[in-house]
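Structural characterization, general
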Amino acid sequence: MISGEVPLGADVLMRPVTLDDAAALARAHRRNRAHLEPWDPERPAAFYTVQGQTDRIRGQLEEAGAGRSAHWVLVDGGEVVGHTALSNIVLGPVRCANLGYWIDAEYLGRGLASGAAAAACEAADRQLGLHRVEAGTLLHNVASQRVLTKCGFKEYGLAPGFLYINGAWRDHRLFQRILNDRPA
Ligand SMILES: CC(C)(COP(=O)(O)OP(=O)(O)OC[C@H]1O[C@@H](n2cnc3c(N)ncnc32)[C@H](O)[C@@H]1OP(=O)(O)O)[C@@H](O)C(=O)NCCC(=O)NCCS
């Protein structure tokens, strides 16, 4: 489980998602539909509703309770303006998670994704005891690649047909950050 709030700039706070965020998340996804569609898997209509987000958060909280993922929202007052997650957490000799994030179209270029990625890596290291965080980006997602390299990630490969995004299996550039050398 993760805890704590991280201020990201003057107005925006990063904190663990709760069921109370469902309505604001549904609003954020409706506002950002065109902005996020090129980078996301296909979303069903329910994804943009309060009920759909409530179900999704419930699943995320269950997963977090089992130590398999961690999800944060970035909030400005009552509105969600971004999201960060560590998913597919695997322990044993792997001790790794996959990092994902998005930022509201009106909040781009303020360092929010960079701050969120750094805070998620800090939690992966200090709170979850992981060794490594990985992330994959579409080949042309220069903004995300910059977020990762700024945060200390190194590119380690290219995965053909890695994820089904925006209607097709897409090649991805793979990045990882080694957090520490503690024994597993
Ligand atoms: C990728 C994304 C999260 C970046 O969010 P952001 O908050 O604007 O990022 P930051 O402000 O932290 O910027 C990080 C760096 O990327 C650079 N950058 C941002 N957008 C860029 C672009 N379109 N082209 C080139 N560089 C870009 C910034 O200049 C900054 O680098 P710098 O500090 O050297 O100037 C945001 O564009 C987004 O939500 N995209 C859609 C979803 C997505 O792609 N998620 C990731 C999937 S792998």
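Look up a bit, the structure's there.
Residues numbered from 1 in each chain as written. Predicted model: local features only at pLDDT ≥ 70, side-chain atom pairs only at ≥ 80, totals over all residues.

1. Examining the site of the ligand
Residues in close proximity to the ligand total 20 residues, the closest being Leu108, Ala113, Ser114, Ala143 and Arg146. Of all the secondary-structure elements, those providing two or more residues to the shell around the ligand are β5 (96-103), α4 (112-126) and α5 (142-150). Top contributing element to the shell around the ligand by residue count: α5, with six residues. Along the lines of polarity and charge, the residues of the shell around the ligand split into 11 nonpolar, six polar and three charged. (Near = placed C-beta within 6 Å. Helix = DSSP H or I, 4+ residues; strand = E, 2+ residues; numbered from the N terminus. Nonpolar A, V, L, I, M, F, W, Y, C, P; charged D, E, K, R; others polar.)

2. Examining the sheet that holds strand β7 (residues 154-165)
If you trace the eight strands from one edge of the open sheet to the other, you get β1-β2-β3-β4-β5-β6-β8-β7, paired in mixed fashion. The outermost strands of the open sheet, each flanked by one partner alone, are β1 (6-8) and β7. Adjacent strand axes in the sheet meet at a mean angle of 30°, parallel and antiparallel pairs treated alike. Summarising the sheet, β7 and strand β8 (residues 168-178) pair through eight bridges and their orientation is antiparallel. (Pairing = 2+ DSSP bridges. Axes fitted to C-alpha atoms, helices over the stretch in contact; angles between N-to-C directions.)

3. Section: the pairing of strand β4 (residues 79-90)
Note: strand β3 (residues 70-76) against β4, seven bridges, orientation antiparallel. Each bridged residue has a counterpart across the sheet, and for Leu74 the counterpart in β4 is Gly82. The antiparallel pairing of β3 with β4 creates a hairpin that spans two residues between the two strands, and Gly77 there sits at a positive phi of about 60°. Once β4 ends, the chain turns through five residues before running back antiparallel as β5, passing Gly92 with a positive phi of about 60°.

4. Quick look at the nonpolar core
Side chains of a nonpolar character, in soluble globular proteins, are inclined to be buried together. Counting residues in hydrophobic clusters, the biggest one holds 43 residues, and the most contacted among them are Leu74, Leu86, Ala116, Ala117, Ala120, Ala124 and Val133. Only β2 (12-16), α1 (22-31), β3, β4, β5, α4, β6 (132-138) and α5 provide two or more residues apiece to this core. Residue contributions to this core peak at nine residues, all from α4. (Core = buried A, V, L, I, M, F, W, Y, C linked by C-beta atoms within 7 Å. Buried ≥ 20, exposed ≤ 12 C-beta atoms within 10 Å, placed from the backbone.)

5. Comments concerning the pairing of β5
For β5, the tally of buried residues reaches seven of eight residues, placing the bulk of the element in the interior. Where β4 meets β5, seven bridges bridge the pair, whose relative direction is antiparallel. In the sheet register, His83 faces β5, and the bridge partner there is Trp102. Pairing analysis gives three bridges linking β5 to β6, with the strands arranged parallel. Looking at β6, one finds that Ala97 is bridged to Val133. Taking the sense of rotation as the criterion, the β-α-β connection linking β5, α4 and β6 turns out right-handed. (Right-handed = clockwise from strand over helix to strand, strands pointing away.)

6. A look at the environment of Gly111
Among the secondary structure elements, Gly111 is positioned in the loop between β5 and α4. Given 15 C-beta atoms within a 10 Å radius, Gly111 is considered partly exposed. When the C-alpha positions of Gly111 and Val147 are compared, they lie 8.6 Å apart, and in sequence the two are 36 residues distant.

7. Notes on unusual backbone geometry
Its identity as a non-glycine residue notwithstanding, Arg95 has a phi of 45°, on the positive side. As for its placement among the helices and strands, Arg95 is situated in the loop between β4 and β5. If you check the backbone angles, Asn166 has positive phi at about 50° while not being a glycine. Turning to its location among the elements, Asn166 is positioned in the loop between β7 and β8.

The values reported here are purely geometric and, on their own, carry no functional implication.
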